[in-house]
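# Residue-level structure breakdown
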Amino acid sequence: MQFDLRAFLEGARKPYEAHFQADLTQSDFGGYTLAAPAECDFTATPTDDGAALLLCVKAQIHAECARCLEPLTQEYCFERDYLILPRDLEDPDFELPCNEQGCIDLDELVYQELIFEVPAVLLCSADCQGLCPICGKKKAAGCTCKPAADAAPVDARLSILKQLLS
Ligand SMILES: [Zn+2]
Ligand SMILES: [Zn+2]
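Figured I'd write up the structure that's included with this text. These numbers come from a predicted model, not from an experiment. (Residues numbered from 1 in each chain as written. Chains lettered and ligands numbered in written order. Predicted model: local features only at pLDDT ≥ 70, side-chain atom pairs only at ≥ 80, totals over all residues. Heavy atoms only, no water.)

## Re the side chain of D88
Relative to the assigned elements, D88 resides in the loop between β6 (71-84) and β7 (103-105). Of the side chains bearing the opposite charge, R87 lies closest to the buried D88, which forms no salt bridge; the N-O distance is 5.0 Å. Here the side chain of D88 touches L85 through a polar contact of 2.8 Å, landing on its backbone nitrogen. In this structure, D88 is in contact with L83 and F94, ignoring residues within four places of it in sequence. (Helix = DSSP H or I, 4+ residues; strand = E, 2+ residues; numbered from the N terminus. Buried < 20%, exposed > 50% of the residue type's maximum accessible area, 1.4 Å probe, protein only. Lys, Arg positive; Asp, Glu negative; His and termini not counted. Salt bridge = Lys/Arg side-chain N within 4 Å of Asp/Glu carboxyl O. Polar contact = N/O pair within 3.5 Å; in protein donor to acceptor, adjacent residues only side chain to side chain. Contact = heavy atoms within 4.5 Å.)

## Looking at the coordination of the zinc ion (ligand 2)
Within the protein, C132 (SG), C135 (SG), C143 (SG) and C145 (SG) serve as the donor atoms for the zinc ion (ligand 2), at 2.3 to 2.4 Å. Here the zinc ion (ligand 2) is ringed by 4 donor atoms whose angles at the metal span 102 to 117 degrees, and the overall shape comes out tetrahedral. Between the donor residues of the zinc ion (ligand 2), the gaps in sequence give the motif C-x2-C-x7-C-x1-C. You can see C132 sitting in the loop between α2 (106-117) and α3 (152-165) and its partner C145 sitting in the loop between α2 and α3, a full 13 residues away along the chain. The exposure class assigned to C132 is buried, which follows from its relative accessible area of 6%. (Donors = N, O, S within 2.8 Å, 3.2 Å for Na, K, Ca; no water. Tetrahedral: all angles 85-135°; square planar, octahedral: opposite > 155°, others 65-115°.)

## Description of the coordination of the zinc ion (ligand 1)
C65 (SG), C68 (SG), C124 (SG) and C128 (SG) make up the full set of protein donors to the zinc ion (ligand 1), lying at 2.3 to 2.4 Å. In this structure, the zinc ion (ligand 1) is surrounded by 4 donor atoms whose angles at the metal cover 106 to 113 degrees, and the resulting shape is tetrahedral.

## Brief notes about the packing of aromatic side chains
Counted by the stated rule, this structure contains 6 aromatic pairs. Residues F29 and Y111 carry aromatic rings whose centres are separated by 4.8 Å and whose planes lie at 40 degrees to one another, so their mutual orientation is tilted. In this pair, F29 sits in the loop between β2 (16-22) and β3 (32-34) while Y111 sits in helix α2, placing the two residues 82 residues apart along the sequence. Assessed through its relative accessible area of 7%, F29 is described here as buried. Among the aromatic residues, those joined into a ring-pair cluster are F3, F8, Y16 and F42. (Phe/Tyr/Trp six-rings, centres within 6.5 Å; stacked < 30°, edge-to-face > 60°.)

## Considerations on the side chain of D107
Looking at the secondary structure, you find D107 in helix α2. Despite being buried, D107 has no salt bridge partner; R80 is the closest side chain of opposite charge, sitting 16 Å away. Apart from the residues lying within four places of it in its own chain, the contact partners of D107 are M1, F20, Q21, A22, D23 and L24.

Spelled out as C-alpha cells, the structure:
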C-alpha cells in the first residue's frame, strides 16, 4: 500500500488511518518466512510543523531453531513511530522508503521494520541445548553419548569456569 506523504504534509488537517495487509510471504528475510500477510495499522496525524506517523505490525514468522533445527513459529507485534518534517522529503538519507513523488511504500516499510525487529538467530527456547555433536539427535531427547576423550581438556576448563561463576 502507498501513502501519499507529500500530499498529507501539504494539505491534511485531520488524521488518516488505514488497516492493511502487507503480503510479504514471498519476501526473503534471510532466516525466516512469513506464513501469512502481516496485519498492519497505519496512522498519520498532522503536527504543527509536519506529521506524526504510527505503524503497528503483527506478523507470524516461520523459521528453524538455530541450534536444534526444529521448526518454530513466533508471533511479533510491535509499533514504530516517526516524526516527519516537510524537508525530510528532500533528504537523500530519509529513513522511510519514499519515492520521488513523496509516496511511502508501506509494505516496504513493514519489511524494513521486520528486519530490524526479528533477531537474526532464532531459538525454539532460550535454553535449547541443540544437537548432540556425536549422534546428531536433540540433546533434550536424552542421548547417551559420552564426550570423546580428546574433548576432556575443554571440559576441564569449562568446569573451572563454572566454579568461578558459581
Ligand atoms: Zn531448539
Ligand atoms: Zn548423542
